[in-house]
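Below are the chains, spelled out letter by letter.
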Amino acid sequence: MLYSFQHNDSSLNLMPIAKKIPKLLIYLRLILGILIVIITLTQIKFYPIYTVIFLTLGLLSDIFDGIIARHLGISDQNLRRLDSNIDQIFFICAISAIYLQQPEFFKQHIFPIIILIIFEAFTYIISYFKFKKEIATHTIGAKIWTLFLFALLVQITLTGQSQLLFNAVIWLGILTRIEIIAIILTLKQWQNDVPSLKQALRLRQGLEIQRNRFFNG
């Protein structure tokens with residue numbers, strides 16, 4: 001009985017620490033984004049390799065912060081909004097740094113990049129206009145697009161070239177932004193973690209979201 005009590009007490013002491021892990025992973029992503037900019041500006045030896053390593057760590061932190069938060073039952077609105085905002089900062093840092101590393105690639109593809117940025121901006125403008133909040137939909141399509149974007153950034157960093165993957169990122173990015181805009185317009189009130197337009201329609205009808213345990217369960 002004594003052992004059982006001590007064991008349970010130890011578990012209770014560990015829980016507050018465990019609940020900090022998702023937020024620590026989110027802030028780790030912020031630090032990694034800043035580090036990518038720093039190593040690019042200082043051009044330390046092998047900085048493209050370090051860029052890829054930090055990008056990979058950032059992607060992993062983005063995957064596991066949500067999984068751990070859902071497992072611990074702490075995936076609330078504030079955490080998901082923080083996650084979305086840090087994601088934006090991380091990728092802005094990463095893309096800005098890679099632009100400095102491979103400026104010719106960006107100059108050659110400036111117009112499709114600008115179009116994608118405009119669609120991204122529209123998602124935030126529409127969300128702020130309707131709900132006075134930034135987006136935090138975390139759609140399945142946007143998560144898949146993030147994986148493509150990660151692969152593209154790695155390819156550009158290491159080679160300075162991309163064609164098929166770049167086109168895939170642009171078109172998939174535009175399509176997923178259109179879906180996010182449609183979700184915002186469909187929802188009656190602001191909602192985080194809406195995996196698809198289909199689920200937004202369910203919410204509008206007063207039904208619960210059908211969760212996928214791999215993406216948002």
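Residues numbered from 1 in each chain as written. Predicted model: local features only at pLDDT ≥ 70, side-chain atom pairs only at ≥ 80, totals over all residues. Heavy atoms only, no water.

K.L.:
Help me understand helix 7 (residues 140-159) in this model?
P.N.:
Residues that lie three or four places apart on an α-helix share one face, since the helix turns once every 3.6 residues. Between its first and last C-alpha, helix 7 extends 29 Å over 20 residues, near the 28 Å set by a 1.5 Å rise per residue. Within helix 7 the residues assigned to the buried category are Gly141, Ala142, Trp145, Thr146, Leu149, Phe150, Leu152, Leu153, Val154, Ile156 and Thr157. Against helix 3 (47-72), helix 4 (77-101), helix 5 (103-108), helix 6 (110-131) and helix 8 (164-186) lie the buried residues of helix 7. (Helix = DSSP H or I, 4+ residues; strand = E, 2+ residues; numbered from the N terminus. Expected span 1.5 Å × (residues − 1). Buried < 20%, exposed > 50% of the residue type's maximum accessible area, 1.4 Å probe, protein only. Contact = heavy atoms within 4.5 Å.)

K.L.:
Explain the packing of helix 8 against helix 9 (residues 197-204) to me, please; I cannot follow it from the model alone.
P.N.:
The relative placement of two packed helices is expressed as an angle between their axes plus a distance between the axes. Interaxial distance between helix 8 and helix 9 falls to 9 Å at its minimum, and their mutual angle equals 0°. Judged by the angle between their axes, helix 8 and helix 9 are roughly parallel. Here Glu179, Ala182, Ile183, Leu185 and Thr186 of helix 8 lie close against helix 9, whose contacting residues are Leu197, Ala200, Leu201 and Arg204. (Axes fitted to C-alpha atoms, helices over the stretch in contact; angles between N-to-C directions. Parallel < 35°, antiparallel > 145°, perpendicular 65-115°, else oblique.)

K.L.:
So what exactly am I meant to see when it comes to the pattern of salt bridges here?
P.N.:
A side chain of one charge can pair with a side chain of the opposite charge when the charged atoms of the two come close. The full count for this structure, using the stated rule, is 9 salt bridges. Aspartate 193 is the partner of arginine 80 in a salt bridge, and the nearest nitrogen-oxygen pair spans 3.0 Å. Here arginine 80, found in helix 4, pairs with aspartate 193, found in the loop between helix 8 and helix 9; they are 113 residues apart in sequence, far enough to count as distant. Its relative accessible area of 4% is what places arginine 80 among the buried residues. (Salt bridge = Lys/Arg side-chain N within 4 Å of Asp/Glu carboxyl O.)

K.L.:
Whenever I open this one, the side chain of arginine 29 confuses me. Can you help?
P.N.:
On the secondary structure map, arginine 29 appears in helix 2 (residues 21-42). On the accessibility criterion, arginine 29 (1% relative accessible area) is buried. Among the polar contacts listed, one links the side chain of arginine 29 to the side chain of serine 61, at a separation of 3.0 Å. Setting aside residues up to four positions removed in sequence, arginine 29 forms contacts with Gly58, Ser61, Asp62, Asp65, Asp83, Ile86, Asp87 and Phe90. (Polar contact = N/O pair within 3.5 Å; in protein donor to acceptor, adjacent residues only side chain to side chain.)

K.L.:
Looking at this model, I keep getting lost on the packing of aromatic side chains. Mind explaining?
P.N.:
The relation between two aromatic rings is expressed through the spacing of the ring centres and the mutual angle of the planes. In the structure shown here, the tally under the stated rule is 5 aromatic pairs. On the basis of an interplanar angle of 75° and a centroid distance of 5.1 Å, the ring pair of phenylalanine 90 and phenylalanine 91 is categorised as edge-to-face. A relative accessible area of 2% means that phenylalanine 90 is categorised as buried. Residues phenylalanine 105 and phenylalanine 106 carry aromatic rings whose centres are separated by 5.8 Å and whose planes lie at 85° to one another, so their mutual orientation is edge-to-face. We note that phenylalanine 105, like phenylalanine 106, is buried. (Phe/Tyr/Trp six-rings, centres within 6.5 Å; stacked < 30°, edge-to-face > 60°.)

K.L.:
How should I be thinking about the environment of alanine 151 in this particular structure?
P.N.:
For alanine 151, the location among the structural elements is in helix 7. Residue alanine 151 is classed as partly exposed on the basis of its relative accessible area, which comes to 32%. Along the chain, alanine 151 and threonine 56 lie 95 residues apart, while their C-alpha atoms are 9.6 Å from each other.

These results come straight from atomic positions and should not be treated as a statement about function.
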